[in-house]
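# Fold and contact review
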Amino acid sequence: MEEHGLLHPVVLDRNGRVIDGRNRLKACEIAGVEPSYTTYEGDDPDGYALSANVHRRNLTKGQIAMITAKACSLSEQNGRSPGERSSRSLSEHLGVSLGTVGKANIVLQHAPDLVDPVISGATGLNEAYNVAQENKAKANSAEAQLARLRNEDPELADRVVEGHLTLTGAWAERTERVEEDKRQRRVATRLLDEIVPPLAQTRGTRTFSRYDPAFAGGTPITRETIAHAMTALAEMDQAWQERDLP
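Here is a short report on the structure shown in this document. (Residues numbered from 1 in each chain as written. Predicted model: local features only at pLDDT ≥ 70, side-chain atom pairs only at ≥ 80, totals over all residues. Heavy atoms only, no water.)

## Thoughts on the overall build of the chain
Which entries qualify depends on this criterion: Each helix is a run of DSSP H or I of at least 4 residues and each strand a run of E of at least 2, with the numbering of both proceeding from the N terminus. Think of it in three bands: with a 1.4 Å probe and only protein chains considered, a residue is buried below 20% of the maximum accessible area for its type, exposed above 50%, and partly exposed in between. Whether two residues are in contact is decided by their heavy atoms: any pair within 4.5 Å suffices. The Shrake-Rupley method, run with a 1.4 Å probe, gives the accessible areas here. Residue values count only the displayed protein chains as cover.
Scanning the chain from terminus to terminus reveals eleven helices and three strands. Its helices and strands in sequence order give the chain the pattern β-β-α-β-α-α-α-α-α-α-α-α-α-α, from N to C terminus. Across the 246 residues that make up the chain, the buried fraction comes to 27%. Across the chain, contacts joining residues at least 24 apart in sequence account for 54% of those joining residues at least 6 apart. By element, 52% of the accessible surface of the chain is carried by carbon and sulfur atoms, the whole surface being about 16,700 Å².

Here it is in structure tokens:
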């Protein structure tokens, strides 16, 4: 690298986030070589990063499927909608069937301790899938379902025990609550992503001194509005501290 420089540039997304080439970037820092960069202009940076890394390694279809399932799960946990990175789009991009990815999803849900062994190659996907199917069958028993429901939502479990709700109905309601919670978290995340970063970028600029109520698109900003905004940011900071977010 010191002699020839960086042969393959580090790839960034449109926001400047490294999506491919972290190891190359680190190697440049160690060697004292100025890295070169390129920007990915497509609509699926996460899929590109996954594809680039998968094709550099000699992986089996089972390993690729497991990586795909895990990546989609992490995407959803981070508040991205399924359309942004679906199992279908990734499976087509990486050349694995939806059926194989489906097996990997079963492992992810019912044998999560086998996910990393499958990815590393220590365990085959089919072997892990068989274990996951056994776990799924056990989990589907009424007793196990009620115990799990009590752990996740004691109020619903009590209604089942009291005869006010069937176990099937309780799980349907539990699923609705979980999906509604995901929806609210997704909406809240996108709202804050749209509002807070642009506000932070105005710090130290002349933006505030140039504000003119005559050009306001809606209700003009007042000192009362600013006070509410400051309170909201203080509440946000407190929430970040309590959740130990960066």
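## Details of the environment of aspartate 158
Turning to its location among the elements, aspartate 158 is positioned in helix 9 (residues 154-161). Aspartate 158 sits twelve residues away from alanine 170 along the chain, and the two C-alpha atoms are 10.0 Å apart.

## Observations concerning helix 1 (residues 22-31)
To be explicit about the condition: Picture the helix axis, draw a direction to every C-beta atom, and the arc is the one those directions span.
Among all positions in helix 1, only Arg24, Leu25 and Cys28 are buried. Projection of helix 1 onto a plane perpendicular to its axis shows the buried side chains occupying an angular sector of 100°, all on one side. Residues of helix 1 that are exposed and point more than 90 degrees away from the buried face comprise Arg22, Asn23, Lys26, Glu29 and Ile30. Taken from the residues just after helix 1, glycine 32 is the one with a positive phi, measuring 70°.

## Overview of a nonpolar patch on the surface
Under the convention used in this document: Within this analysis, patches are made of residues with over 30% relative accessible area and no salt bridge. Like charges are joined at 9 Å or less; nonpolar side chains (Val, Leu, Ile, Met, Phe, Trp, Tyr) at 5 Å or less. Criterion for a salt bridge: a side-chain nitrogen of Lys or Arg within 4 Å of a carboxyl oxygen of Asp or Glu.
A cluster of nonpolar residues, Tyr211, Ile221, Ile226 and Met230, forms a patch on the protein surface that exposes about 400 Å² of accessible area. Note that isoleucine 221 resides in the loop between helix 10 (167-201) and helix 11 (223-243). Relative accessible area serves as the criterion here: at 49%, isoleucine 221 is assigned to the partly exposed category.

## Some remarks on the packing of aromatic side chains
For any pair of aromatic rings, geometry is given as the distance between the ring centres together with the angle between the planes. Threshold: For this analysis, a ring pair means two rings from Phe, Tyr or Trp (six-membered ring only for Trp) whose centres lie within 6.5 Å, classed as stacked if their planes differ by under 30 degrees, edge-to-face if by over 60, and tilted for the remaining angles. For a Lys NZ or an Arg CZ to count as sitting over a ring, it must be within 6 Å of the ring centre and within 35 degrees of the ring normal.
Summed over the entire model, instances satisfying the criterion amount to zero aromatic pairs. Across the ring face of tyrosine 129, the terminal group of lysine 103 is positioned such that the distance to the ring centre comes to 5.3 Å. Sitting above the plane of the tryptophan 240 ring, arginine 243 keeps its charged end 6.0 Å from the centroid.

## Examining the pattern of salt bridges
A pair can form between side chains of opposite charge whenever their charged atoms are brought close. Under the criterion given, the structure shown has 14 salt bridges. Note that arginine 174 is salt-bridged to glutamate 152, the shortest N-O span being 3.2 Å. One end of the pair, arginine 174, is in helix 10; the other, glutamate 152, is in helix 8 (residues 142-152), and 22 residues separate them in sequence. By relative accessible area, glutamate 152 is classed as partly exposed at 29%.

## Things to note about the sheet that holds strand 3 (residues 37-39)
Inclusion rule: Strand pairing is assigned whenever DSSP identifies at least 2 bridges connecting the two strands. An axis is simply a line fitted to the C-alpha atoms; with a helix, the fit covers only the stretch in contact. Between two such axes, the angle follows the N-to-C directions and lies from 0 to 180 degrees.
Reading across the sheet, the three strands line up as 2-1-3 and stay open at both edges, with mixed pairing between neighbours. Edge strands, defined here as strands with exactly one partner in the open sheet, are strand 2 (18-20) and strand 3. Between one strand and the next, the sheet's axes are offset by a mean angle of 45°, whatever the strand orientation. One ladder, built from two bridges, connects strand 1 (residues 10-12) with strand 2; its direction is antiparallel. Bridge pairing in strand 2 links leucine 12 to valine 18. Across the face of the sheet, helix 1 comes into contact with strand 1, strand 2 and strand 3 while running at roughly 110° to strand 2.

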